Amino acid sequence: MKSSEKWMLAAVLSALGIVGFCLICIVGAVLTPLRWWSHGGATEAAEDFLRKNPVVAAHLGTVRSFGTLPSGSQTLINGEGKAHLLITIRGEKGEGTAEVDLMKKPGESWKVTAAVLVAGDQRLVLEGGPGASSPSPPPEAQPGSDEEQSVEPMDV
């Protein structure tokens, strides 16, 4: 092999190596956030809640799998966050979609605040069950209580 052919072969192999490295970086840059979105944080907390929820088990049976990529939104700023996720659930008896709202406070894990299961033509509110942390309902006003009385605005 001539020296010019060796130089040409080295240049082609180097170019292929650089292109391959760039492709690996691009694929990693796309797949890493997708994996984070679908396998951690709020999604993991929501799936754990749904897997253990008695209403889901009653209507869909034991959960076999969840959709590959949940849709919705998630924000996390300085350790405090909110998420609204739509997750497909496949169970022994059928399939459904869950709409789950979650909150996170700094230093704490994600907590489910509200969840609804849509299975067939039914829309079921998911409450209780292991892993649930639903907010307590507001106290109802008692007749004659301060909450029922109107308050006049004051001039300052």
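Thresholds applied
- Residues numbered from 1 in each chain as written.
- Predicted model: local features only at pLDDT ≥ 70, side-chain atom pairs only at ≥ 80, totals over all residues.
- Heavy atoms only, no water.
- Helix = DSSP H or I, 4+ residues; strand = E, 2+ residues; numbered from the N terminus.
- Buried < 20%, exposed > 50% of the residue type's maximum accessible area, 1.4 Å probe, protein only.
- Contact = heavy atoms within 4.5 Å.
- Areas by Shrake-Rupley, 256 points an atom, 1.4 Å probe, with all protein chains shown as cover.
- Salt bridge = Lys/Arg side-chain N within 4 Å of Asp/Glu carboxyl O.
- pLDDT = per-residue confidence, 0-100.
- Patch = residues over 30% accessible without salt bridge, like charges linked within 9 Å, V, L, I, M, F, W, Y side chains within 5 Å.
- Pairing = 2+ DSSP bridges.

1. Digging into the overall build of the chain
Step number 1: The secondary structure content of the chain amounts to three helices and six strands.
Step number 2: Mapped from its N terminus to its C terminus, the chain presents α and β elements in the order α-α-α-β-β-β-β-β-β.
Step number 3: Buried positions account for 25% of the 156 residues belonging to the chain.
Step number 4: For the chain, restricting intrachain contacts to residue pairs at least 6 apart in sequence, the fraction spanning at least 24 positions comes to 48%.
Step number 5: When the accessible surface of the chain is split by element, carbon and sulfur atoms take 60% of a total near 11,100 Å².

2. Brief notes about unusual backbone geometry
Step number 1: One non-glycine residue with positive phi stands out, namely Asn78, at about 50 degrees.
Step number 2: Tracing the backbone shows Asn78 in the loop between strand E2 (71-77) and strand E3 (80-91).

3. Remarks on the pattern of salt bridges
Step number 1: Following the criterion strictly, the structure yields three salt bridges and no others.
Step number 2: When the shortest N-O distance is used, the salt bridge between Asp48 and Lys52 registers 3.4 Å. With Asp48 and Lys52 both in helix H2 (residues 41-52) and four residues apart, the pair spans about one turn of that helix.
Step number 3: The class of Asp48 is partly exposed, set by a relative accessible area of 30%.
Step number 4: When the shortest N-O distance is used, the salt bridge between Glu99 and Arg123 registers 3.8 Å.

4. Some thoughts on the confidence of the model for the chain
Step number 1: This prediction gives the chain a mean pLDDT of 78; 74% of its residues lie at or above 70.
Step number 2: A low-confidence stretch, residues 129-156 stays under pLDDT 50, and its non-local contacts, those more than four residues away or across chains, total 16 contacts.

5. Description of a nonpolar patch on the surface
Step number 1: A cluster of nonpolar side chains, Met1, Trp7, Met8, Leu9, Val12, Leu13 and Leu16, forms an exposed patch at the surface whose accessible area comes to about 810 Å².
Step number 2: Within the secondary structure layout, Leu9 lies in helix H1 (residues 3-38).

6. Regarding the pairing of strand E5 (residues 111-119)
Step number 1: Bridging between strand E4 (residues 95-104) and E5 involves seven bridges; their strand directions are antiparallel. In the strand pairing of E5, Asp101 is matched with Ala114.
Step number 2: In this antiparallel pair of consecutive strands, E4 and E5, the connection spans six residues, and Gly107 shows a positive phi of 80 degrees.
Step number 3: Summarising the sheet, E5 and strand E6 (residues 122-125) pair through four bridges and their orientation is antiparallel. Directly across from Val118, in E6, lies its bridge partner Arg123.
Step number 4: Linking two consecutive strands that pair antiparallel, namely E5 and E6, is a turn of two residues; a positive phi of about 65 degrees is found at Gly120 within it.

7. Side note on the pairing of E3
Step number 1: Residues Gly81, Ala83, Leu85, Ile87, Ile89 and Gly91 of E3 are buried on one face, while the alternating residues Glu80, Lys82, His84, Leu86, Thr88 and Arg90, pointing to the opposite face, are not.
Step number 2: Bridging between strand E1 (residues 63-66) and E3 involves three bridges; their strand directions are antiparallel. Among the inter-strand pairings, Phe66 is bridged to a residue of E3, identified as Ile89.
Step number 3: Across seven bridges, E2 lies against E3 in antiparallel orientation. Following the sheet pairing, Gln74 is matched in E3 by Ala83.
Step number 4: Turn length for the E2-E3 hairpin, with the two strands adjacent in sequence and antiparallel, is two residues, and the turn residue Asn78 shows positive phi of about 50 degrees.
Step number 5: Where E3 lies against E4, ten bridges are found, and the strand directions are antiparallel. Bridge pairing links His84 to Asp101 in E4.
Step number 6: In sequence, E3 turns back onto E4 through a hairpin of three residues.

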